[in-house]
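Notes for the structure review
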Amino acid sequence: MEREASKKNRNYQEISEEEGSEEQDGFSEDSDVCSDDSLESGRNEKSMKRNGALHGNSTLNYQYTGHWKENHGHPLFGICVNHNLKPPHPTVFATVGYNRVTIYEAIADGIKLSQCYADPDTEENFYTCAWSFDADTGRPLLAAGGFRGIVRIFSPANMNCIKHFIGHGNAINELKFHPKDPNILLSVSKDHALRLWNVKTECNIVIFGGVEGHRDEVLSADFNVDGTKIISSGMDHSLKIWACDTEKIKSAINLSYQIHGNKRVFPTELCHFPEFSTRDIHRNYVDCCKWFGDFILSKSCENCIVCWKPDDRNKEPFNSESKVVVVHKINYKDCEIWFVRFAMDLQQKVLALGNQVGKTYVWDLSAPEPSMIRMGVLCHPKCTSAVRQTSLSRDGKILLCVCDDGTIWRWDKTD
C-alpha cells in the first residue's frame, strides 16, 4: 500500500525549459479523446460520436494540447491552479513531487516554466500544495507540504521560501486555504490530526483530533464555501465534519491576529469532537473529499465517487452512529489505488478524476438532476501511468493532470 513508487536515480538539478519542453511526436488528432467504449487510439470522429465520446457535449469537449516531463524521475503527487488570479492574468499553477515545488504559466500553445524550488533535504517528498495571497500586497502565496511534515510558504514574487511551520508529527497529505480569509491555512497529516494555521502571524490556531478524531492517517479535507465547516477523511474509512464557527474557534482566530510579534506561546485551541462522523460511505481508505454546495463528494479505492449529505433528521448531538443520505454514485473504472484525487472548477460545473492507467474522467455537474450527469474520458496513447491529481482553471477551460511518471498533461476545452 505504499504511496511512493520505487526510488529511481536522483537528479537534484532544477528543470530547464528545454527539459520541460513538450513531447508532441507520434500523436494523431483522433487520439485526443476517447470514450470508455472507444479506447483504441486512431478511431475516427464518426466512431467516437457513435460511442458517446466527448464531442456530443460541449461542456466536456476537451482536446489534447500537450504534455511535459519533469526531470527528477519521481511521481508528481499534486497540482493546483491559482484560482485567485482573475482575467486578464494568465492561468498559473504549481506541481509538487519529490523535493520539488514548481510553478508554471499556461500559455497559448502549452506551458511555461516560471520557478522551481528544490528542498535542501533530498529526503523530502512534497505531496500537496495550495494557493493564497498576501492580504496587504495582493501578491500570490503558495503553501506546500509532504513527507517531513513541514508546511512551507513560498512567495513567487520574492522567489523564495519565506516561512515554514513545524507542528505535525508526521507527513502532511493535504493543504487548503480558507475561502474567506487568505491567511488561514488547514493542514491534514499522517499523525491523525488536522491543524489550522495563521500564516501571517505564524500561529497554530486549532488542532482537530483526539478523543473522537481520526484513528489513522488523515488524507483529505476541504472547507465549505463560507468556511464555517470542514470535511475530513482518512485511512480509518471515516468522514468527519468539524465546525469552524464555534465561539471558541472564532475567538482563537481573532486572538491569532492580536498576538502577532508577541513572544509568548499561542494558546492553541483543541477540538476533540466533530459535529458529524460516519463510516457508512466507504469500506476503504477515503483519499479525497470536497464540499459540493451543501453536499459532499468523496472517493475511496472502489471506482466510485459518492455524493452524500448528513441525515438532517438526526438532530441529536454528536453520535458515532450518525446517519447519511446517499444522493448519487458516480462510477468509473481502473482506480483501485489510493491517493488519487479529483478536482472541480471554481463554479463546480466540471468534475475531473484520473485513474491508474492514465485516463482522465470528466463529468458535467451542471445537469438538472444526478441521473443526467454526463461523463467523458480523456486518453492518449502515451499517457499510461497513474494520474494522481487533476486541477481546472477558474472557468474550467483548461484541465491539467499530473502522473506517476513525472508528466504534466494539458487538455483544453474546445468551442
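Conventions we followed
- Residues numbered from 1 in each chain as written.
- Predicted model: local features only at pLDDT ≥ 70, side-chain atom pairs only at ≥ 80, totals over all residues.
- Heavy atoms only, no water.
- Helix = DSSP H or I, 4+ residues; strand = E, 2+ residues; numbered from the N terminus.
- Buried < 20%, exposed > 50% of the residue type's maximum accessible area, 1.4 Å probe, protein only.
- Contact = heavy atoms within 4.5 Å.
- Areas by Shrake-Rupley, 256 points an atom, 1.4 Å probe, with all protein chains shown as cover.
- Pairing = 2+ DSSP bridges.
- Axes fitted to C-alpha atoms, helices over the stretch in contact; angles between N-to-C directions.
- Phe/Tyr/Trp six-rings, centres within 6.5 Å; stacked < 30°, edge-to-face > 60°.
- 1 Å grid on protein atoms, 1.4 Å probe; cavity = no way out; pocket = protein on both sides within 12 Å on 5 of 7 lines; lining within 4 Å.
- Points joined across faces, edges and corners; volume = space filled by probe spheres on them.
- Nonpolar A, V, L, I, M, F, W, Y, C, P; charged D, E, K, R; others polar.
- pLDDT = per-residue confidence, 0-100.
- Salt bridge = Lys/Arg side-chain N within 4 Å of Asp/Glu carboxyl O.

Moving on to the overall build of the protein chain. Each helix and strand in the protein chain was counted, giving 2 helices and 29 strands. Buried residues in the protein chain amount to 55% of all 415 residues. Considering only intrachain contacts with a sequence separation of at least 6, the fraction spanning at least 24 residues in the protein chain is 57%. Carbon and sulfur atoms form 46% of the exposed surface of the protein chain, whose accessible area is close to 18000 Å².

The element strand β12 (residues 194–198) is extensively covered by neighbouring structure, given that 5 of its 5 residues are classed as buried. Burial along β12 is two-sided: the residues Leu 194, Leu 196 and Asn 198 and Arg 195 and Trp 197 are all buried. When strand β11 (residues 184–189) meets β12, the two strands line up antiparallel, connected through 5 bridges. Residue Ile 184 lies in a different strand from β12, and its bridge partner there is Asn 198. Linking β11 back to β12 in an antiparallel pair, the connection comprises 4 residues, with His 192 at a positive phi of about 80°. As paired elements, β12 and strand β13 (residues 203–208) share 5 bridges and run antiparallel to each other. In the sheet register, Leu 194 faces β13, and the bridge partner there is Phe 208. Hairpin remark: β12 followed by β13, antiparallel, with 4 residues in the connecting loop; positive phi at Glu 202, about 65°.

Looking now at the sheet that holds strand β22 (residues 324–331). On the basis of which strands lie adjacent, the open sheet formed by 4 strands has the order β19-β20-β21-β22 and antiparallel pairing. Each of the sheet's edge strands pairs with one partner strand only, and the pair in question is β19 (288–292) and β22. Strand-to-strand twist in this sheet, taken as the mean axis angle between neighbours without regard to direction, amounts to 25°. Where strand β20 (residues 295–299) and strand β21 (residues 304–310) come together, 4 bridges link them in antiparallel fashion. By the bridge assignment, Ile 296 is partnered in β21 with Trp 308.

What follows is about the packing of aromatic side chains. All chains considered together, the criterion is met by 15 aromatic pairs. Ring centres of Tyr 64 and Trp 409 lie 5.9 Å apart, and the angle between their planes is 55°; on these two criteria the pair is classed as tilted. Within this pair, whereas Tyr 64 is found in strand β1 (residues 62–69), its partner Trp 409 is found in strand β29 (residues 407–413), the two being separated by 345 residues in sequence. Judged by relative accessible area, Tyr 64 falls into the buried class, the value being 11%. On the basis of an interplanar angle of 15° and a centroid distance of 5.8 Å, the ring pair of Tyr 361 and Trp 363 is categorised as stacked.

Space inside the largest pocket adds up to approximately 1200 Å³. Contributing to the lining of the largest pocket are 44 residues, with His 83, Phe 177, Pro 179, Asp 222 and Leu 346 lying nearest its centre. Of all the secondary-structure elements, those providing two or more residues to the lining of the largest pocket are β2 (78–81), β6 (126–133), β10 (172–177), β14 (218–223), β19, β23 (343–344) and β27 (387–392). No other element matches β6, which puts 7 residues into the lining of the largest pocket. Within the lining of the largest pocket, the residues separate by chemical class into 21 nonpolar, 13 polar and 10 charged.

On to the confidence of the model for the protein chain. Of the residues in the protein chain, 82% have a pLDDT of 70 or more, and the chain-wide mean is 86. Confidence drops under a pLDDT of 50 for residues 5–56, and excluding neighbours within four residues, the segment shows 111 contacts in the predicted structure.

Looking at the element boundaries, Val 324 is found in strand β22. Separated by 12 residues in the primary sequence, Val 324 and Asp 312 have C-alpha atoms spaced 8.5 Å apart. If we skip the residues at most four places from it in the chain, Val 324 touches Phe 276, Thr 278, Asp 280, Ile 281, Trp 308, Lys 309, Pro 310 and Asp 311.

A word on the sheet that holds β12. Overall, mixed pairing links the 5 strands, which are arranged β10-β11-β12-β13-β17 in an open sheet. With one partner strand each, in any of the chains shown, β10 and β17 (269–271) form the two edges of the open sheet. For this sheet, the mean angle separating the axes of adjacent strands, direction not counted, is 20°. When β13 meets β17, the two strands line up parallel, connected through 3 bridges. For Val 206, the partnering residue across the bridge sits in β17 and is Glu 269. In the packing of helix α2 (residues 247–258) onto the sheet, the strands contacted are β11, β12, β13 and β17, and the crossing angle to β13 comes to about 160°.

Opposite charge on two side chains permits them to pair, given that their charged atoms come into close proximity. Under the criterion given, the structure shown has 12 salt bridges. Here Arg 148 and Asp 121 are joined by a salt bridge, their closest N and O atoms 3.1 Å apart. Highlighted residues: Arg 148 in the loop between β7 (140–146) and β8 (150–155) and Asp 121 in the loop between β5 (110–118) and β6, separated in sequence by 27 residues. A relative accessible area of 35% places Arg 148 in the partly exposed class. Within this structure, Asp 119, Asp 121, Arg 148 and Arg 152 form a network of salt bridges that share partners.

Turning to the pairing of strand β16 (residues 239–243), a few remarks are in order. Of all 5 residues in β16, 5 are buried; the element is thus mostly enclosed. Taken together, the 5 bridges between strand β15 (residues 229–234) and β16 define a ladder with antiparallel strand orientation. Bridge pairing in β16 links Ser 233 to Leu 239. The loop that links β15 with its antiparallel partner β16 comprises 4 residues; one of these, His 237, has a positive phi angle of about 70°.

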